[in-house]
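Take a look at the letters that make up each chain.
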Amino acid sequence: MRALRFVAATILCVVTQAARADDTEPAWRASALALVPAGYVAGHAYRTEGATGYLAVYPATSNDPKTPASVFAARQALVVTLTPDATRAVSAELKPRAEPAPDDDDTDFAKLHADLAAKRSTLPEGTEPCSLGAWSIDKDASGLNVRAEPSVQARVLGTLPPPYMLKLGGAENTPDGGWLTEFRIIGFKSGWFLIEGAKPPGKDYEDEKRYPRSAPKPYAGRGWVASNKVGANYANGGTRAGGLFQAPFVDAKWMPAQRELGGPIDGDGGPKRLFACSGYWGLVESHDGVRGWWRALCSNQVTNCS
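Residues numbered from 1 in each chain as written. Predicted model: local features only at pLDDT ≥ 70, side-chain atom pairs only at ≥ 80, totals over all residues. Heavy atoms only, no water.

### Quick look at empty space enclosed by the protein
Enumeration according to the criterion identifies 1 cavity of 30 Å³ or more in this entry. By volume, the largest cavity is sized at about 40 Å³. Of the residues that constitute the lining of the largest cavity, the class distribution is 3 nonpolar, 1 polar and 4 charged. (1 Å grid on protein atoms, 1.4 Å probe; cavity = no way out; pocket = protein on both sides within 12 Å on 5 of 7 lines; lining within 4 Å. Points joined across faces, edges and corners; volume = space filled by probe spheres on them. Nonpolar A, V, L, I, M, F, W, Y, C, P; charged D, E, K, R; others polar.)

Laid out in structure tokens, this is it:
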């Protein structure tokens, strides 16, 4: 059910984005690249109107874990003056960007992100609102500390259990590495995720009547966990599969990336690392070392989240 939360918002945009992936960039884009200001990375040439072209650009630091981009931040575009036949760039100027065009699939997520932005006041000051499924990858026998503030010096509120090797005489569904403790990520700040709703490891996947009362019980309240102790699976966010985006927008530069066992990334498996989040986007590193943004992460441990 958690994977289905994205379907209503994305069912119409999948076809649009798939078509975009096959589109040929307009002729003027190649010459416009030389006009992109230092410190920015060119994305999709998303519009041509007569002798004016519009090129999506995002800060070069957008996929840096130390300075991750925000889906809620104001955007800019490179407005390009073209030759009369609209084949070459003559000059360009960086300008504030208006709302996404009607055919931009970011529009389908606009309300979802607006809803998250409205909840910012309910989060600790300086917290980036997020909505992602995830789990603890910490194998420490004492569990992963959930803290009151995003700091290793902060008070420990509780812990999340390490992988749980449930044994039910052969009737269990426990994966080789054990059941992981799942939760929701609702915010991010300075290398820490704000989480809530942690569930006993594997309880959703086992026979409820046989799930032992002695099973480890995680701290289920709200608190902070270190980002390097968190993992997740890719889910279907209605974007172009096979790679990651340089910024948390579908018209940012797209970079091919690979799954753990080879082949382009998709809704099967998960990233090597999860660094940060913004809205429904996660900043991740693929197993072949590509660092970028993927929209929609989930914590389903028995099937994919497509």
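### Quick word on the side chain of threonine 127
With respect to the helices and strands, the residue threonine 127 is situated in the loop between helix H4 (106-118) and strand S5 (128-136). The class of threonine 127 is buried, set by a relative accessible area of 1%. In terms of polar contacts, threonine 127 uses its side chain to reach the backbone carbonyl oxygen of proline 124, at 2.8 Å. Excluding its chain neighbours within four sequence positions, the residues that come into contact with threonine 127 are Arg120, Gly187, Phe188, Leu194 and Trp224. (Helix = DSSP H or I, 4+ residues; strand = E, 2+ residues; numbered from the N terminus. Buried < 20%, exposed > 50% of the residue type's maximum accessible area, 1.4 Å probe, protein only. Polar contact = N/O pair within 3.5 Å; in protein donor to acceptor, adjacent residues only side chain to side chain. Contact = heavy atoms within 4.5 Å.)

### Quick word on unusual backbone geometry
We note that alanine 86 has phi near 60°; this positive angle belongs to a residue other than glycine. Within the element layout of this structure, alanine 86 appears in the loop between strand S3 (76-82) and strand S4 (89-96). The phi angle at alanine 296 is positive, at roughly 90°, despite the residue not being glycine. By the secondary structure assignment, alanine 296 is in the loop between strand S17 (291-295) and strand S18 (297-298).

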